[in-house]
Amino acid sequence: IPLIVHTHRFIQVTLFLLSLFFLTEQLFTQVFFWKKKTSAIGFTVAVNPLNPSTVYAEGTAGTIIVSYNFGQTWQQYSSLEISFIREILVHPSDTNTIFCAEFTGGLLKSTDNGSSWSIVLEDYGIDGEAFSYDPQHPDTMYAGNFNDASVYRSSDRGATWQLQGDAGSALCAL
């Protein structure tokens, strides 16, 4: 009986190792590479959290382009009065609400799916990903200003912002 148990384990281990070999060989033999789909600047990309096939990106300076098919094709979406968009954020429960920011142009908000924009936080700029929402309470949002390290909080989906304090140095991400 011990011989049968050892033989059975040997077969199990052998089959397991063979499956790893074939899986590893498949992983290393497949070639993945990036293909350029648009002439966009590409400082930022945002995915619609309720419809992941919808992707937003900066096109030419100050414009947003959108793809409705996971980035296969792109079209003009919206124009802004800012030059280099550093971050785009789509609200997780209301995807008609979109936020954009550039290095120094303020935090902009659209509540009509990008048709119109308003500045909700002036003298605000980022160099990274420095505004976000609380995943448990998405109407509570935070924004960190790159230039003076100020941290702001909004409890009304970004309509108004209150200064919370100073992070101490240039803020690149929250």
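An account of the accompanying structure is given in this report.

Reading the values: rules and limits
Residues numbered from 1 in each chain as written. Predicted model: local features only at pLDDT ≥ 70, side-chain atom pairs only at ≥ 80, totals over all residues. Heavy atoms only, no water. Helix = DSSP H or I, 4+ residues; strand = E, 2+ residues; numbered from the N terminus. Buried < 20%, exposed > 50% of the residue type's maximum accessible area, 1.4 Å probe, protein only. Contact = heavy atoms within 4.5 Å. Areas by Shrake-Rupley, 256 points an atom, 1.4 Å probe, with all protein chains shown as cover. Pairing = 2+ DSSP bridges. Axes fitted to C-alpha atoms, helices over the stretch in contact; angles between N-to-C directions. Phe/Tyr/Trp six-rings, centres within 6.5 Å; stacked < 30°, edge-to-face > 60°. Core = buried A, V, L, I, M, F, W, Y, C linked by side-chain atoms within 4.5 Å.

## Some details on the overall build of the protein chain
In step 1: Helix and strand content of the protein chain: one helix and twelve strands.
In step 2: The linear arrangement of helices and strands in the protein chain, starting from the amino end, is α-β-β-β-β-β-β-β-β-β-β-β-β.
In step 3: Counting across all 174 residues of the protein chain, residues that qualify as buried make up 37%.
In step 4: For the protein chain, long-range pairs separated by at least 24 residues make up 32% of all intrachain contacts whose partners lie at least 6 apart in sequence.
In step 5: Element-wise, carbon and sulfur atoms account for 58% of the exposed surface of the protein chain, whose accessible area totals about 10,600 Å².

## Comments concerning the sheet that holds strand 10 (residues 141-144)
In step 1: On the basis of which strands lie adjacent, the open sheet formed by four strands has the order 9-10-11-12 and antiparallel pairing. The open sheet is flanked by strand 9 (131-133) and strand 12 (162-166), the only strands paired with a single partner. Across the sheet, the mean angle from the axis of one strand to that of its neighbour is 20°, orientation sign disregarded.
In step 2: Relative to strand 12, strand 11 (residues 150-154) runs antiparallel, the two sharing four bridges. Paired with valine 151 across the bridge in strand 12 is glycine 165.

## Quick word on the packing of aromatic side chains
In step 1: Evaluated as defined, the whole model comprises two aromatic pairs.
In step 2: Judged by centre distance (5.2 Å) and plane angle (65°), the ring pair of tyrosine 56 and tyrosine 77 falls under edge-to-face. Pair noted here: tyrosine 56 is in strand 2 (residues 55-58) and tyrosine 77 is in strand 4 (residues 75-79), with a separation of 21 residues, a long-range link.
In step 3: What makes tyrosine 56 buried here is its relative accessible area of 3%.
In step 4: Assessed through its relative accessible area of 18%, tyrosine 77 is described here as buried.

## Brief notes about the sheet that holds strand 4
In step 1: Spatial ordering of the open sheet is given by 1-2-3-4, a layout of four strands whose pairing is antiparallel. If you trace the sheet from one side to the other, it starts and ends with strand 1 (45-47) and strand 4, each paired once. On average, each strand axis in the sheet is inclined to that of its neighbour by 25°, with strand direction left out of account.

## Observations regarding the nonpolar core
In step 1: Judged by nonpolar contacts, the single largest core of 14 residues is most densely connected at Leu107, Leu121, Tyr124, Phe131, Ala143 and Trp161.
In step 2: For this core, the elements supplying multiple residues, two or more each, are strand 6 (98-102), strand 8 (118-121) and strand 10.
In step 3: Formed by 13 residues, the second largest nonpolar core is a distinct cluster that contains Ala46, Tyr56, Val66 and Cys100.

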